[in-house]
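Coordinate analysis (summary)
Next come the chains, spelled out residue by residue.
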Amino acid sequence: MKRVVITGAGTINALGHSVPATLAAMQEGVCGIGPLDFRDVDRLSIQIGGQVRGFEAEGRYNRQQISLYDRFTQFTLAAAKEAIEQSGLRFHGELAARSGVVLGTAGGGVSTWDDNYRAVYEEGKNRVHPFVVPKLMNNAAASHVSMEWNLKGPSFTVSTACASSNHAMAQAFSMVRSGMAPAMVTGGSESMLCFGGVKAWEGLRVMSRDACRPFSANRNGMVQGEGAGVFVFEEYEHAKKRGADILCEVAGFAMSSDASDIVMPSKAGAARAMIGALRDACINFDEVGYINAHGTGTAANDKTECAAVADVFGPHADRLMISSTKSMHGHLIGGTGAVELLACIMALRDGVIAPTIGYQEPDPECALDVVPNEAREVKVKVAISNAFAFGGMNAVLALRSLG
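What counts, and where the lines are drawn
Residues numbered from 1 in each chain as written. Predicted model: local features only at pLDDT ≥ 70, side-chain atom pairs only at ≥ 80, totals over all residues. Heavy atoms only, no water. Phe/Tyr/Trp six-rings, centres within 6.5 Å; stacked < 30°, edge-to-face > 60°. Helix = DSSP H or I, 4+ residues; strand = E, 2+ residues; numbered from the N terminus. Buried < 20%, exposed > 50% of the residue type's maximum accessible area, 1.4 Å probe, protein only. Lys NZ or Arg CZ within 6 Å of the ring centre and 35° of its normal. Disulfide = S-S within 2.5 Å. Pairing = 2+ DSSP bridges. Axes fitted to C-alpha atoms, helices over the stretch in contact; angles between N-to-C directions. Contact = heavy atoms within 4.5 Å. Polar contact = N/O pair within 3.5 Å; in protein donor to acceptor, adjacent residues only side chain to side chain. Core = buried A, V, L, I, M, F, W, Y, C linked by side-chain atoms within 4.5 Å. Expected span 1.5 Å × (residues − 1). Salt bridge = Lys/Arg side-chain N within 4 Å of Asp/Glu carboxyl O.

This part takes up the packing of aromatic side chains. Within this structure, the stated rule accounts for seven aromatic pairs. Considering the side-chain rings of Tyr117 and Tyr121, the 5.7 Å spacing of their centres and the 20° angle between planes classify their relative orientation as stacked. Here Tyr117 pairs with Tyr121, and both are found in helix H5 (residues 110–122), just four residues apart, close to one helical turn. Assessed through its relative accessible area of 45%, Tyr117 is described here as partly exposed. With a centroid separation of 5.9 Å and 85° between ring planes, the pair formed by Phe173 and Phe253 is classed as edge-to-face. With a gap of 80 residues between them, Phe173 in helix H8 (residues 164–178) and Phe253 in strand S8 (residues 248–257) connect regions that are remote in the sequence. The exposure classification of Phe173 matches that of Phe253, with both residues buried. The rings of Trp113, Tyr117 and Tyr121 are connected pair by pair, giving a single aromatic cluster. One Lys or Arg, Arg3, reaches over the ring of Tyr236 and ends 4.5 Å from the middle of that ring.

Next up, the structure:
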C-alpha cells in the first residue's frame, strides 16, 4: 500500500478567500457568521449565516462560464486553483491520464434550483436557460475541475449530507493508497445560502437565530455556512521525488452507518468510525492530540459526539483537545469536512489548535477540553477529523505530521 500526503490546499469560505486568510482567522478566533444578504431574506425566520462576502463571479469567470457555473461550482474552482497551484503539479501525459477528482456536496446547484423555480412558479416564465441541468447537477463542480486541469482519471461526486467531503476525501485517499492514481484532487463545496436553501433547513427546527455555540450549555442550534475546501492528495514517493512541500500525511480513514434513525445521531456509529480510522492508520489511541469535531451546536450532536469520544479514548479523552470550527465559519453541510480539514493541517504543521468560539457555559455532558474561545499553541503529531451526517453516515479521517 502506498503512503498518501497532502501537497496542496485551497479554500474560500466565510473566514477568507484563501488558505492563509482562513488560517489567520482561525488563529484569531474570528467569527465569519453574520446577517444574510440575498433576495427575500426578510421572509426567513433564520437570517444569519457564514456567507462568503466580496466574491464577485464577474471578476473571475467570463459570461459563458458563469452561465454554466452555479455558486457552489464557482467556489470549487477557486479553491481548486489555489490547491493545484500550491502543489506545483502539472497534469500532462500519464499523470493526467491516471489522476482524477472526487468531490463532496449535499445540495449541488441549490441557487440554480432556487432561481429557476422562482422564474417558473413566481414569475410565470415558460422557459428556463438551456444550461440549467448541467449547472445544477451535483457532479458539475467535479466535472469542471477535471476539464479545467486536464484530469482524465476517476472523477465523481459523493453526496452523503454533512459527511460528503469526508467520504469524498476517503475515496480519493483509497485510490492513491491502492496505486490506482498517483494524485487526486478532492474536497467539497456547498452553497445553500439562498431563500429556498435556508427555508428548507428552517423546517428542521435545528437552526440558531443568533450564533453557533458548540458544546456550550446555552447553545441553541446550528448555523449554515457556504464555501469550498479542495486538496491535492498525492502518493508520498511521487511527491518526495519531485521535492514537493508536504503539508501532512493522510494516514487512515473509516466509515460507518448508524442504521438507526434518519436524523438522530448514534454514539455507537460515531465510535466505530473513529476506532476504524485509527486502526486503519495503525495509530495508537493515546497518540491523538487533536480532534476536529463535527460539533454542530445542536444538543443531540454535541452530547452524542462527546460521549463517543469518551468511550473511544477512555482516560486519554481528558488529555485530548477537541474543537469545532463551525462556530466560526458555520456548517457548510456537504463542504464542511473539507474546510475543517484545514484546522487539522494547521494543528499538525503549525502547532496551532483552532478554538471553539462562542463558548459561554460548561455542559456536564460535554466535559472535554473544547479549546474554548482562544486558539492554543500546542504541537501535535496526530489529528482526526469527524463528520457525522443525517441518515447515520459517518466518515472519519486520520492525519499525521511528517515533521
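Picking up where we left off.
By the definition in use, this model includes zero disulfides. With no disulfide partner, Cys282 has as its closest neighbouring cysteine sulfur the one in Cys248, 17 Å distant. The closest cysteine sulfur to the non-disulfide-bonded Cys306 is located on Cys366, 3.8 Å from its own sulfur.

Turning our attention to the sheet that holds strand S4 (residues 100–104). Read from one edge of the open sheet, ten strands run S5-S4-S6-S7-S1-S8-S14-S13-S9-S10, paired in mixed fashion. Edge positions in the sheet fall to strand S5 (155–158) and strand S10 (321–323), since each has one partner strand and no second. The sheet shows a mean angle of 25° between the axes of neighbouring strands, direction not considered. Packing against the sheet, helix H3 (residues 71–87) makes contact with strand S1 (4–13), S4, strand S6 (183–190) and strand S7 (227–235), and its axis sits at approximately 140° to S1. Of the strands in this sheet, S4, S5 and S6 are in contact with helix H7 (residues 140–148), which crosses S4 at around 155°.

What follows covers unusual backbone geometry. A positive phi angle is found at Phe215, which is not glycine, with a value near 70°. Locating Phe215 in the fold gives a position in the loop between helix H9 (195–202) and S7. Taking the relative accessible area as the measure of exposure, Phe215 reaches 0% and is therefore buried. Phi is positive for Ala259, which is not a glycine, with a value near 50°. Turning to its location among the elements, Ala259 is positioned in the loop between S8 and helix H11 (267–281).

All right, on to the side chain of Arg219 then. Mapping Arg219 onto the fold places it in the loop between H9 and S7. At 3.2 Å, the side chain of Arg219 forms a polar contact with the side chain of Asp302. In terms of polar contacts, Arg219 uses its side chain to reach the side chain of Asp363, at 2.9 Å. Those residues in contact with Arg219, other than ones at most four positions away along the chain, are Arg213, Gly297, Thr298, Ala299, Asp302, Lys303, Asp363 and Cys366.

Glancing now at the nonpolar core. Soluble globular proteins tend to bury their nonpolar side chains together. Membership of the largest hydrophobic core comes to 46 residues, with the highest contact counts inside it found for Ile6, Met26, Phe231, Phe233, Tyr290 and Leu399. Considering each element in turn, this core owes the most residues, nine residues, to helix H14 (residues 336–350). In this structure, Tyr290 is in contact with Leu320, Met321, Ser323, Ala343, Cys344, Ala347, Ile353, Ala354, Val380, Val382, Ala383 and Ile384, ignoring residues within four places of it in sequence.

Across its 13 residues, H5 extends 17 Å between first and last C-alpha, which sits within 8% of the 18 Å expected from 1.5 Å per residue. Listed in full, the buried residues belonging to H5 are Val110, Ser111, Thr112, Asp114, Asn116, Arg118 and Ala119. Summarising the contacts, the buried residues of H5 are in contact with H3, helix H6 (132–136) and H9. Positive backbone phi, approximately 75°, marks Gly124, located one or two places after H5.

Counted by the stated rule, this structure contains 22 salt bridges. Its salt-bridge partner being Arg242, residue Glu234 comes within 2.7 Å of it at the nearest N-O pair. One salt bridge in this structure joins Glu249 and Arg400, with 3.6 Å as the shortest N-O distance. Placement of Glu249 in strand S8 and of Arg400 in strand S14 (residues 393–400) is noted, with a sequence separation of 151 residues between them.

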